[in-house]
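A closer look at the structure
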Amino acid sequence: MSSSPEGSLKMASQETSATKTGATTQPFRSGLEEYERSGEGRPPFVLTYAEIKLLGIAGVGFFLDAYDLFIINPVATMLQYRLYGGGAMPANLQGLLKAAANIGSVIGQFGFGYCADAFGRKAIYGKELMLIILATILCITTPTGSLSPAGSLIYLSIFRILLGVGVGGDYPMSASITSDRAALRKRGTLLAYIFANQGWGSFVGALATVVVLLCYKRAMDGEGETSKVDGVWRIVVGLSLIPAFGTLYQRLTLPESTRFKKSQQRADEAELDDLKSAKDAVDAEVASLSDRGKETKQGAEDKKAHFREFARYFSEWRHAKILIGTCSCWFLLDVAFYGINLNQNVVLQEIGYDGSTGTPWEKLFKVSTGNIIITALGFVPGYYVTVLTIEKLGRKFIQLQGFLMAALFLAILAAKFTTLNNASFIVCFAFLQCYPAEVFPTRYRASAHGLSAACGKVGAIISALVFNTLTETIGTPAVLWIFFGCCIAGAGFTLLLPEVAGRDPDAVLAEELKER
């Protein structure tokens with residue numbers, strides 16, 4: 001997986017020779033290696049061209065993640081009019097439809113993350129985007145005219161699960177691709193920029209819904225053809241294919257990062273030295289590692305070797321407690337985060353944008369407008385506050401205060417749910433939309449990041465499936481108090497995590513290997 005020093009010198013020599021002789025044929029150069037040597041002269045949030053290019057390639061994934069995950073809110077409302085004449089959708093099918101993408105994400109996040117560490121980023125990156133494209137096309141082919149309402153929702157949910165596998169796979173892939181190439185002093189800022197694309201994905205999704213609805217106003221509102229909403233949701237879902245196709249080639253041709261190749265080589269060498277010191281007990285394994293340094297193993301063997309290394313690394317408490325911390329924090333955050341955002345109709349009802357009055361088109365338009373208000377006030381500003389402050393305040397502080405602030409505003413919402421005026425309710429809800437993972441060594445980063453994110457999606461699935469039932473049983477304020485408890489617990493688990501600002505996990509791992 002890693003190249004030898006002699007091979008690297010040879011390639012460098014060939015490139016220099018080609019330049020001197022004016023040769024027109026040169027090796028493929030992405031321009032992204034410059035990003036790994038980012039200069040010290042400017043503030044972390046000021047980007048170079050190479051950094052912007054990288055963020056464009058990796059950021060589209062997070063944009064599509066949010067777009068595809070949250071677009072199901074207005075789509076579900078539209079399907080009520082298309083399939084049930086505006087009546088209520090069965091609670092179990094509605095829960096399945098909203099949880100489907102998150103179910104797939106659990107598989108994709110750990111699966112793609114693990115494969116990225118075992119086989120290399122270059123071998124895997126872009127495949128998750130191909131899966132997103134395929135699943136999106138299959139989703140918009142849902143035969144609502146020939147299947148029963150329940151059959152249509154099940155058909156769509158199945159391919160939303162497939163979509164979720166691709167969307168989930170992008171979390172560890174894009175985050176690791178960026179972190180692998182980031183200069184240490186601005187690694188957090190670049191990751192914050194990447195995650196900020198989730199805010200834009202949600203905002204653009206809401207905006208696209210409004211624009212497409214306006215295009216259909218005459219047919220749906222003027223001529224009373226409510227069934228035309230079938231075209232609205234397909235267009236809104238299909239629009240995500242534009243950035244997906246626009247980025248696919250760049251992902252498939254992105255070279256392996258220098259840091260990842262070095263981490264593979266360094267870990268192999270350290271492991272070999274460690275094993276040689278225990279001569280009789282590990283002769284067979286030393287031979288295996290020596291062979292691995294000389295030739296590329298078969299894919300299955302690579303996967304098994306990486307699994308053994310991954311399990312051994314996290315069997316130590318100092319590493320396990322960090323993984324427990326990231327998994328628990330992400331789980332607890334997503335219980336509250338997705339519980340609210342996948343059920344924004346509850347919030348929209350309180351601010352007067354639930355679409356309870358007017359014609360079908362007017363109801364849909366009000367819901368879409370309400371989604372834009374919530375997203376614009378919360379998602380987008382919250383991410384960029386983090387971009388500007390993450391290197392100064394530190395990741396641990398930001399995550400801790402994020403959980404505590406979310407808990408505070410959830411408590412206000414729960415206590416004053418029926419008495420807040422519209423403006424107060426919007427402000428409180430907007431402050432809930434604010435979060436990191438750069439603590440793991442490059443060799444295990446994608447696997448650990450994917451496992452943490454997968455735990456988060458388990459929390460999201462639980463919220464999606466039980467929110468409506470709990471709301472009907474114990475009331476919305478009581479559910480908000482449960483989310484409050486999740487945020488307080490999340491703040492507690494944050495204390496297990498080290499501050500990672502200025503911390504190089506690869507250097508920490510190298511020191512640990514020397515201690516052995």
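Values in this document were obtained by computation on a predicted structure and should not be read as measured data. (Residues numbered from 1 in each chain as written. Predicted model: local features only at pLDDT ≥ 70, side-chain atom pairs only at ≥ 80, totals over all residues. Heavy atoms only, no water.)

**Quick look at the overall build of the protein**
Put simply, the test is: Secondary structure elements are defined from DSSP: runs of H or I of at least 4 residues count as helices, runs of E of at least 2 residues count as strands, and each element is numbered from the N terminus. A 1.4 Å probe rolled over the protein chains alone gives each residue an accessible area, and that area as a share of the maximum for its type sets the label: buried under 20%, exposed over 50%, partly exposed in between. What sets the accessible areas is the Shrake-Rupley method with a 1.4 Å probe; for residues, cover comes only from the shown protein chains.
Helix and strand counts for the protein stand at 22 helices and 0 strands. Across the 516 residues that make up the protein, the buried fraction comes to 52%. Carbon and sulfur atoms form 63% of the exposed surface of the protein, whose accessible area is close to 21700 Å².

**A short note on helix 6 (residues 127–139)**
Where we set the bar: Multiplying 1.5 Å by the helix residue count minus one yields the expected span of that helix. The criterion used for residue contact is that any of the two residues' heavy atoms lie within 4.5 Å.
If you check helix 6, its first and last C-alpha atoms are 18 Å apart, about what 13 residues at 1.5 Å a residue would give, namely 18 Å. Along helix 6, the positions that sit buried rather than exposed are Glu128, Leu129, Leu131, Ile132, Ile133, Ala135, Thr136 and Cys139. Packed against the buried residues of helix 6 are helix 2 (49–70), helix 4 (91–119), helix 5 (121–124), helix 7 (149–181), helix 10 (229–238) and helix 11 (241–252).

**Side note on the nonpolar core**
Put simply, the test is: Among the buried residues, those of types Ala, Val, Leu, Ile, Met, Phe, Trp, Tyr and Cys that are joined through side-chain atoms within 4.5 Å form a nonpolar core.
Ranked by internal contacts, the top residues of the largest apolar core, which has 91 residues, are Leu79, Leu97, Tyr171, Val232 and Phe483. The element contributing the most residues to this core is helix 2, with 12 residues. Once you skip the residues sitting within four places of it in the chain, tyrosine 171 turns out to touch Phe62, Asp65, Leu69, Gln109, Gln198, Trp330, Tyr338, His449, Ala453 and Lys457.

**Re the pattern of salt bridges**
For clarity, the cut-off: We define a salt bridge as a side-chain nitrogen of Lys or Arg found within 4 Å of a carboxyl oxygen belonging to Asp or Glu.
Counted under the stated rule, the structure contains 9 salt bridges. We note a salt bridge from aspartate 230 to arginine 82, for which the minimum N-O separation is 3.5 Å. Of the two residues, aspartate 230 sits in helix 10 while arginine 82 sits in helix 3 (residues 72–84), which places them 148 residues apart along the sequence. Looking at aspartate 230, the relative accessible area reads 12%, which means it is buried.

**Looking at the packing of aromatic side chains**
For clarity, the threshold we go by: Between the rings of Phe, Tyr and Trp (Trp by its six-membered ring), a pair exists once the centres lie within 6.5 Å; its type follows the angle of the planes, with under 30 degrees stacked, over 60 edge-to-face, and the other angles tilted.
A complete count under the given rule lists 9 aromatic pairs for this structure. Ring geometry for tyrosine 313 and phenylalanine 314: centres 4.9 Å apart, planes at 90°, overall edge-to-face. Exposure remark for tyrosine 313: the relative accessible area of 8% places this residue in the buried category. Its relative accessible area of 11% is what places phenylalanine 314 among the buried residues. The interplanar angle of 15° and the centroid separation of 4.9 Å between the aromatic rings of tryptophan 361 and phenylalanine 365 together place this pair among those described as stacked. Of the two residues, tryptophan 361 and phenylalanine 365 both sit in helix 17 (residues 360–393), 4 residues apart, roughly one turn of that helix. By the ring-pair criterion, three or more aromatic residues cluster together here, those being Phe62, Tyr171 and Trp330.

**Brief notes about the packing of helix 6 against helix 7**
Filter applied, for reference: For helices, the axis comes from a line fit to the C-alpha atoms of the stretch in contact; other axes are also lines fit to C-alpha atoms, and the angle between any two N-to-C directions lies between 0 and 180 degrees. The labels follow the angle: roughly parallel below 35 degrees, roughly antiparallel above 145, roughly perpendicular from 65 to 115, and oblique for the rest. Helix crossings are classified by the rotation of the near helix relative to the far one: an anticlockwise turn of less than a right angle makes the crossing left-handed, while a clockwise turn makes it right-handed.
Across the interface, helix 6 lies against helix 7 with an axial gap of 8 Å and an inter-helix angle of 160°. Between helix 6 and helix 7, the angle falls in the class roughly antiparallel. In this structure, the crossing between helix 6 and helix 7 has a hand that is left-handed. Within the contact between the two elements, helix 6 uses Glu128, Leu131, Ile132, Ala135, Thr136, Leu138 and Cys139 and helix 7 uses Tyr155, Leu156, Phe159, Arg160, Leu162, Leu163, Val165, Gly166, Val167, Gly169, Asp170 and Met173.

**Section: helix 18 (residues 395–415)**
One turn of the α-helix equals 3.6 residues, which is why residues spaced by three or four share an orientation. A rise of 1.5 Å per residue sets the reference length of helix 18, with its 21 residues, at 30 Å; its end C-alpha atoms lie 30 Å apart and thus fit the reference within 8%. Burial in helix 18 covers these residues: Arg395, Ile398, Gln399, Phe403, Ala406, Ala407, Phe409, Leu410, Ala411, Leu413 and Ala414.

**Brief notes about the confidence of the model for the protein**
Here is the rule: pLDDT: the predictor's confidence for each residue, scored from 0 to 100.
Mean pLDDT over the protein: 75, with 73% of residues reaching 70 or higher. Scored below 50 in pLDDT, residues 292–297 shows 7 contacts in the model against residues more than four places distant or in partner chains.

**Describing the environment of cysteine 486**
With respect to the helices and strands, cysteine 486 occurs in helix 21 (residues 476–494). With a relative accessible area of 12%, cysteine 486 lands in the buried category. Among all residues touching cysteine 486, those that are not within four sequence positions of it are Leu332 and Val335.

**Considering the environment of leucine 213**
Looking at where leucine 213 falls in the secondary structure, it is placed in helix 8 (residues 187–215). Judged by its relative accessible area of 0%, leucine 213 is buried. Considering only alpha carbons, one finds leucine 213 and phenylalanine 365, 152 residues apart in sequence, at a separation of 6.9 Å. Each residue touching leucine 213, except ones within four places of it in the same chain, is listed here: Met220, Val232, Trp361, Leu364, Phe365 and Ser368.

**Section: the state of the cysteines**
What counts, and what does not: Two cysteine sulfur atoms make up a disulfide if the distance between them is within 2.5 Å.
In this structure the tally under the stated criterion is 0 disulfides. Looking at the unpaired cysteine 487, the closest cysteine sulfur is the one in cysteine 486, lying at 6.9 Å.

**Some thoughts on a nonpolar patch on the surface**
Rules: Within this analysis, patches are made of residues with over 30% relative accessible area and no salt bridge. Like charges are joined at 9 Å or less; nonpolar side chains (Val, Leu, Ile, Met, Phe, Trp, Tyr) at 5 Å or less.
Side chains of Val458, Ile462, Leu465 and Val466 sit close together on the surface and give an oily, nonpolar patch of about 280 Å² of accessible area. By the secondary structure assignment, valine 466 is in helix 20 (residues 442–474). Valine 466 gets classed as partly exposed once you look at its relative accessible area, which sits at 35%.

**Some words on the packing of helix 2 against helix 7**
Applicable threshold: When residues are sorted by character, Ala, Val, Leu, Ile, Met, Phe, Trp, Tyr, Cys and Pro go into the nonpolar class, Asp, Glu, Lys and Arg into the charged class, and all the rest, Gly among them, into the polar class.
In the contact formed by helix 2 and helix 7, the axes pass within 9 Å of each other and the chain directions differ by 150°. In terms of axis orientation, helix 2 runs roughly antiparallel to helix 7. In the packing of helix 2 onto helix 7, the handedness of the crossing is left-handed. For the pair formed by helix 2 and helix 7, the contact residues are Leu54, Ala58, Gly61, Phe62, Asp65, Asp68 and Leu69 on the first element and Arg160, Leu163, Val167, Asp170, Tyr171, Ser174, Ala175, Ile177, Thr178 and Arg181 on the second. A class-by-class count of the residues in the contact of helix 2 with helix 7 yields 9 nonpolar, 3 polar and 5 charged.

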